[in-house]
Amino acid sequence: QVQLVESGGGLVQPGGSLRLSCAASGRIFSIPVMGWYRQAPGKQRELVAIITSGGTTDYAESAKGRFTISRDNAKDTVYLQMNSLKPEDTAVYYCSAQNVIATTGAGDFWGQGTQVTVSS
């Protein structure tokens, strides 16, 4: 069973920073793509950033220049450094692991979500 556990959310003032972490556990052979998505109240879940095992990244326009995604392949962990946070960044942030190959099979997995609130 593959599990994703997120940490690092919280309350921050506009202009502040937060760093999210997400660790995958289980008998995993590979995780080709890891990423972060978010869902604000009343809105659909949207992509924030993704990163391949080779380090190729892609960002939503709203995240470019402010957020940085990175990963530690040895630890099956992905990070999201968020700077210059705005109130509109307030959402539940979800970690994803895509096309995972594990002893239990293959598939996509999601974390439980971590709340990020940007408010003064």
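Above this text is the structure in question.
Figured I'd write up the structure that's included with this text. Because the structure is a prediction, the values reported are computed rather than measured.

Within this structure, the stated rule accounts for 1 aromatic pair. Between Tyr37 and Trp110 the ring centres are 5.1 Å apart and the planes differ by 65 degrees, which places this aromatic pair in the edge-to-face class. Here Tyr37 is found in strand E5 (residues 33–39), whereas its partner Trp110 is found in strand E11 (residues 105–110), with 73 residues between them in sequence. Overall, the relative accessible area of 17% leaves Tyr37 in the buried class. Positioned above the aromatic ring of Tyr94, the side-chain terminus of Arg45 is 3.7 Å from the ring centre.

This part takes up the nonpolar core. With 31 residues, the main nonpolar core has Trp36, Leu80, Met82 and Tyr93 as its most contacted residues. It is strand E10 (residues 91–102) that provides the largest number of residues to this core, a total of 6 residues.

Take the pattern of salt bridges next. Any two side chains of opposite charge can pair, given that their charged atoms come close. The tally for this structure, following the rule as stated, stands at 4 salt bridges. With a shortest N-O distance of 2.7 Å, Asp89 and Arg66 are connected by a salt bridge. Taken together, the residues span a long stretch of sequence, with Asp89 in the loop between strand E9 (77–82) and E10 and Arg66 in the loop between strand E7 (57–59) and strand E8 (67–72) at a distance of 23 residues. Take Arg66: its relative accessible area is 11%, and that puts it in the buried class. Look at the salt bridges and you will find they share partners, linking Arg38, Glu46, Arg66 and Asp89 into a network.

What counts, and where the lines are drawn
Residues numbered from 1 in each chain as written. Predicted model: local features only at pLDDT ≥ 70, side-chain atom pairs only at ≥ 80, totals over all residues. Heavy atoms only, no water. Phe/Tyr/Trp six-rings, centres within 6.5 Å; stacked < 30°, edge-to-face > 60°. Helix = DSSP H or I, 4+ residues; strand = E, 2+ residues; numbered from the N terminus. Buried < 20%, exposed > 50% of the residue type's maximum accessible area, 1.4 Å probe, protein only. Lys NZ or Arg CZ within 6 Å of the ring centre and 35° of its normal. Core = buried A, V, L, I, M, F, W, Y, C linked by side-chain atoms within 4.5 Å. Salt bridge = Lys/Arg side-chain N within 4 Å of Asp/Glu carboxyl O.

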